[in-house]
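What the coordinates show
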Amino acid sequence: MSVSLHKSQAGNATRQTGNLTKMTQNQADNVTHLPDRTRQNYHDIEVLARLDVDELNSKFSHLTPQEVLELSIKKLFAGQIAMVSSFGAESVVLLHMISKFDPYIPVIFIDTGKLFPETIAYRNQLIEQLGLMNVQTVKPALADLEAQDNDGTLWQRDVDGCCNIRKVLPFDKALKPFVAEISGRKKFHNEVRADLGFFQKNGQRMKVNPLINWSAKELADYIIAHELPRHPLVAQGFASIGCAPCTSPVKEGEDPRAGRWRGEEKTECGIHFVDGKPQPINN
Ligand code: SF4
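Every value quoted in this text rests on a predicted model; they were computed, and no experiment measured them.

Description of the overall build of the protein chain
Helix and strand counts for the protein chain come out as 11 helices and 9 strands. Here the protein chain holds 283 residues, and 35% of them are scored as buried. Sequence separation of at least 24 residues holds for 74% of the intrachain contacts in the protein chain that already meet a minimum separation of 6.

Looking at helix α7 (residues 117–130)
In a regular helix each residue adds 1.5 Å, so 14 residues correspond to 20 Å; α7 covers 20 Å between its end C-alpha atoms and thus fits that length. Three or more residues of α7 are buried, namely Thr119, Tyr122, Arg123, Leu126, Ile127 and Leu130. Relative to the axis of α7, the buried residues are bounded by an arc of 140° and lie together on one face. Exposed side chains of α7 directed beyond 90 degrees from the buried face belong to Pro117 and Glu128. Count one or two residues on from α7 and you reach glycine 131, which has phi positive near 70°.

Re the confidence of the model for the protein chain
Predicted coordinates in areas of low pLDDT are best not read in detail. Looking at the protein chain, the pLDDT average stands at 79 and 71% of residues meet or exceed 70. Low confidence marks residues 273–283, where pLDDT is under 50. Its contacts with residues over four positions away, or in another chain, come to 32 contacts.

Details of the site of the ligand
Not every one of the 13 residues close to the ligand is listed here, only the nearest: Cys162, Cys163, Arg166, Cys243 and Cys246. For the shell around the ligand, the element with the most residues is helix α10 (residues 159–175), which contributes 5 residues. Among the residues making up the shell around the ligand, the classes are represented as 8 nonpolar, 2 polar and 3 charged.

As for the packing of helix α5 (residues 65–76) against helix α6 (residues 91–101)
Between α5 and α6, the shortest axis-to-axis distance is 10 Å and the interhelical angle comes to 50°. Taken as axis vectors, α5 and α6 run oblique relative to one another. Where α5 crosses over α6, the two elements pack in a sense that is right-handed. On α6, the residues that touch Pro65, Gln66, Leu69, Glu70 and Ile73 of α5 are Met97, Ile98 and Phe101. In the contact of α5 with α6, the residues fall into 6 nonpolar, 1 polar and 1 charged.

Describing the environment of proline 140
Mapped onto the elements of the fold, proline 140 is located in the loop between β4 (135–139) and α8 (142–148). Separated by 30 residues in the primary sequence, proline 140 and isoleucine 110 place their C-alpha atoms 8.2 Å from one another.

Comments concerning the environment of glycine 88
Within the element layout of this structure, glycine 88 appears in the loop between β2 (81–84) and α6. Classification of glycine 88 by C-beta neighbours within 10 Å gives buried; the count is 24. Along the backbone, glycine 88 and phenylalanine 238 are 150 residues apart, and their C-alpha atoms lie at a distance of 9.5 Å. The residues touching glycine 88, leaving out its near neighbours within four places in the chain, are His231, Ser240 and Ile241.

Things to note about the pairing of strand β7 (residues 205–208)
Note: strand β5 (residues 180–182) against β7, 3 bridges, orientation parallel. Paired with alanine 180 across the strands is methionine 206, a residue of β7. With 4 bridges joining them, strand β6 (residues 199–202) and β7 adopt antiparallel strand pairing. Within β7, the residue paired with phenylalanine 199 across the bridge is valine 208.

Overview of the environment of glycine 242
Residue position: glycine 242 is located in the loop between α11 (216–225) and β8 (272–274). You can call glycine 242 buried: it has 24 C-beta atoms within 10 Å. In this structure, the C-alpha to C-alpha distance between glycine 242 and lysine 114, residues 128 residues apart in sequence, is 8.6 Å.

The rules we used
Residues numbered from 1 in each chain as written. Predicted model: local features only at pLDDT ≥ 70, side-chain atom pairs only at ≥ 80, totals over all residues. Helix = DSSP H or I, 4+ residues; strand = E, 2+ residues; numbered from the N terminus. Buried ≥ 20, exposed ≤ 12 C-beta atoms within 10 Å, placed from the backbone. Contact = placed C-beta atoms within 7 Å. Expected span 1.5 Å × (residues − 1). Arc of directions from axis to C-beta. pLDDT = per-residue confidence, 0-100. Near = placed C-beta within 6 Å. Nonpolar A, V, L, I, M, F, W, Y, C, P; charged D, E, K, R; others polar. Axes fitted to C-alpha atoms, helices over the stretch in contact; angles between N-to-C directions. Parallel < 35°, antiparallel > 145°, perpendicular 65-115°, else oblique. Left-handed = near helix turned anticlockwise from the far one by under 90°. Pairing = 2+ DSSP bridges.

Dropping the structure here:
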């Protein structure tokens, strides 16, 4: 697996690395724009970090997506949280929110080698436009590609095997240093459990779902209000955007993910397993 920063980030990231921990800690000490009801126990970060999922969800169920992000980034998992983003159809909302709190939060982008060129261009555009300073592009291991997919056609015969070497293994390795990940999952996507909360345990890692309760309209309104650019393929009917060979447009009324692996039983890439059940990557 290889990891690279976008070229416009590299110089700044090198200069800023030494300040990152300090900056995050300083921010953690400053929660003045959170409402009082969420500040009451912030003096004891360790206690909060030990809370289980049910306690977290019950204690913070009233928060807005931005407050959940702020709580997670600055307090609960300060310095130990990353976002995983596909830079897909709805990713810009969470990326924009994150850029407002801390543009140095690691954003992990898995470049499978099979993405649409429009996705790579959109990633570059958002890095520049939102000022994201720590987007880490992660690629599959060359040894895995040579051993299992040396002609690049594995997806035609074994989609699970292809997703494993191009997504799952790079994802696992990239997230190892972190105790929490930020996800863009939403309940209006049919495959997401109706009772899912802001926090989920995913093995040893905590998954944070700030947008879990937002509707498609709330996402669209946010994008319009902040004048954010859309992925260019959205205008062509792509509602969920993954690898080019395995993604097609959706018709009106179809689930947003109906265009992923169309004609196959497969519905997720294998990146997300929670409570033993496969979960999609929607961010
Ligand atoms: S989505 Fe398709 S091309 Fe991409 S990794 Fe999975 S099987 Fe391979």
